[in-house]
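A closer look at the structure
Below are the chains, spelled out letter by letter.
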Amino acid sequence: MPFIHVRTSGKISAEQKQELKADFGKQIGLLPGKTEQWLMIQFEEGCGLYFQGNEDPCALLDISVYGGAGSEAYENLTRALSGDIEKVLGIPGNRIYVKYAETEYWGWNKENF
Amino acid sequence: MPFIHVRTSGKISAEQKQELKADFGKQIGLLPGKTEQWLMIQFEEGCGLYFQGNEDPCALLDISVYGGAGSEAYENLTRALSGDIEKVLGIPGNRIYVKYAETEYWGWNKENF
Amino acid sequence: MPFIHVRTSGKISAEQKQELKADFGKQIGLLPGKTEQWLMIQFEEGCGLYFQGNEDPCALLDISVYGGAGSEAYENLTRALSGDIEKVLGIPGNRIYVKYAETEYWGWNKENF
């Protein structure tokens, strides 16, 4: 039950989405018990994003997690996802934020877990 | 002070928005003390959403709540909102996530509650 | 490591974005230790937003904060940001929500803080 929301100031091509989607599906396994089978991803491109007062290319990854995974797992996931965004989209790591929100209440198929 | 953010991979017609908006305005009463008078809703359509590795129609409902409502109330709201999305937009329940975020700090009219 | 996400039902001109961006860069200092140097901002306009059951102009400001800042600091920030939105975009304070999310896990440059 994770959700990864990618926001970028630039564009993401269909090929890049496919590549990132496939990569994320593997990388999400860095959180114990999480798999692509329960992963939702949103790619939002061309966002009006400012970072450090300027409009140079940047990205924000918002990760929502049902329950919690612990700081080491999040550390590993940040490294993997940021490295992937850097590689695929060419946005440097120092222009990428990754933030996490843990939640106790998450519904699927009309019921909460 | 709830906020319901609906994201769908497909389109939502003006008529569907009106229907969902009216339904949500009633269903929000499943959370104690919450009414349409304090409800904000965002409909975001045509999102680049992947679920379970594919792009079949799916939806994510993000519910932000000032304070808390308790697990039973959230359970009831998940059932109502998901059922409504399924009925109005034709997205099956097993392709709908509903996630909740409770917050302690919420401002309106330039002051926090 | 704050992130301010502005959603409005109406449009935001390039000049208005510049003005809001510059103002936010100063106002973020109302949170102890936060500066424009670490601030990311997203302007999302033309959102399908309903508030109180109608589509009159309204706005939602979503503030994500690494760690916490305390209720008085948030109170001050709500007053400053809402006043700014009212002044620059002409949306009345009683049609503006400001909500806060604190998070323990936040990554930058491929590592978590």
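Residues numbered from 1 in each chain as written. Chains lettered and ligands numbered in written order. Predicted model: local features only at pLDDT ≥ 70, side-chain atom pairs only at ≥ 80, totals over all residues. Heavy atoms only, no water.

Before going further, it helps to spend a moment on the environment of glutamate 15 of chain C. Tracing the backbone through its elements, the reader meets glutamate 15 of chain C in helix H1 (residues 14-27). A sequence separation of 73 residues divides glutamate 15 of chain C from valine 88 of chain C, and the C-alpha atoms of the two residues are 9.8 Å apart. (Helix = DSSP H or I, 4+ residues; strand = E, 2+ residues; numbered from the N terminus.)

So, about the sheet that holds strand S3 (residues 48-51) of chain C. Taken together, the seven strands give an open sheet; going across it, the order is S7(A)-S6(A)-S5(B)-S4(B)-S1(B)-S2(B)-S3(C), and neighbouring strands pair in mixed fashion. With partners counted over all chains shown, the strands left at the sheet margins are strand S7 (111-112) of chain A together with S3 of chain C, one partner each. The pairing of strand S6 (residues 106-108) of chain A with strand S5 (residues 96-103) of chain B spans three bridges and is classified as antiparallel. Paired with glycine 107 of chain A across the two strands is valine 98 of chain B, which belongs to S5 of chain B. Where helix H1 (residues 14-27) of chain B meets the sheet, it contacts strand S1 (3-8), strand S2 (40-44) and strand S4 (59-66) of chain B together with S3 of chain C, and its direction lies at approximately 150° from that of S2 of chain B. Relative to S5 of chain B, helix H2 (residues 71-89) of chain B is tilted by about 140°, and along the sheet it contacts S6 and S7 of chain A together with S1, S4 and S5 of chain B. (Pairing = 2+ DSSP bridges. Contact = heavy atoms within 4.5 Å. Axes fitted to C-alpha atoms, helices over the stretch in contact; angles between N-to-C directions.)

Here we take up the interface of chain C and chain A. Between chain C and chain A, the contact holds 27 residues from the first and 30 residues from the second. Summing both sides of the interface, chain C and chain A together bury roughly 2500 Å²; the carbon and sulfur share of this comes to 54%. For the chain C face of the interface with chain A, the top three residues by lost area are Met40, Tyr105 and Lys110 of chain C, together amounting to 32%. Summed over the shared surface of chain C and chain A, the result is one salt bridge. Our count for the chain C to chain A interface comes out at 19 residue pairs in polar contact (both at pLDDT 80 or more). (Buried area = accessible area lost by both parts, 1.4 Å probe. Salt bridge = Lys/Arg side-chain N within 4 Å of Asp/Glu carboxyl O. Polar contact = N/O pair within 3.5 Å; in protein donor to acceptor, adjacent residues only side chain to side chain.)

A word on the sheet that holds strand S6 (residues 106-108) of chain B. Hydrogen bonds between backbone atoms are what pair the strands of a sheet, whose relative direction is either parallel or antiparallel. Ordered in space as S3(A)-S2(C)-S1(C)-S4(C)-S5(C)-S6(B)-S7(B), the seven strands form an open sheet in which the pairing is mixed. Of all the strands in the sheet, the pair left with one neighbour each is strand S3 (48-51) of chain A together with strand S7 (111-112) of chain B. Of the pairings in the sheet, the one linking strand S1 (residues 2-8) of chain C to strand S2 (residues 40-44) of chain C comprises five bridges and is parallel in character. Each bridged residue has a counterpart across the sheet, and for histidine 5 of chain C the counterpart in S2 of chain C is glutamine 42 of chain C. The sheet strands contacting H1 of chain C are S3 of chain A together with S1, S2 and strand S4 (59-66) of chain C, and the helix crosses S2 of chain C at an angle near 150°.

A word on the interface of chain B and chain A. Across the boundary between the two partners, chain B contributes 30 residues, which contact 26 residues of chain A. Across the interface of chain B and chain A, roughly 2500 Å² is buried in total on both sides, 54% from carbon and sulfur atoms. Looking only at chain B, the three residues that lose the most surface to chain A are Tyr50, Gln52 and Tyr97 of chain B, adding up to 30% of its buried area. Taken together, the connections running from chain B to chain A amount to one salt bridge. Salt-bridge contacts for lysine 110 of chain A lead to glutamate 86 of chain B; the nearest nitrogen and oxygen are separated by 2.5 Å. Of all elements in the fold, only strand S3 (48-51), S4, H2 and S5 of chain B reach the threshold of two or more residues within the side of chain B that touches chain A. Considering every element that reaches the side of chain B that touches chain A, the biggest residue donor is H2 of chain B, with eight residues. A class-by-class count of the residues in the side of chain B that touches chain A yields 12 nonpolar, nine polar and nine charged. With four bridges connecting them, strand S2 (residues 40-44) of chain A and S3 of chain B associate as antiparallel partners. Note on S3 of chain B: the bridge partner recorded for methionine 40 of chain A is phenylalanine 51 of chain B. (Nonpolar A, V, L, I, M, F, W, Y, C, P; charged D, E, K, R; others polar.)

Let's shift gears to the packing of helix H1 (residues 14-27) of chain A against helix H2 (residues 71-89) of chain A. All names here are of chain A. Two elements in contact, H1 and H2, have axes whose closest approach is 11 Å; the angle formed by their N-to-C orientations is 165°. On the basis of the axis angle, H1 is roughly antiparallel to H2. When the axes of H1 and H2 are compared, the crossing they make is right-handed. Across the interface between the two elements, Gln16, Glu19, Leu20, Asp23, Phe24 and Gln27 of H1 pack against Leu77, Ala80, Leu81, Asp84, Ile85, Lys87, Val88 and Leu89 of H2. Of the residues assigned to the contact of H1 with H2, the class counts are eight nonpolar, two polar and four charged. (Parallel < 35°, antiparallel > 145°, perpendicular 65-115°, else oblique. Left-handed = near helix turned anticlockwise from the far one by under 90°.)

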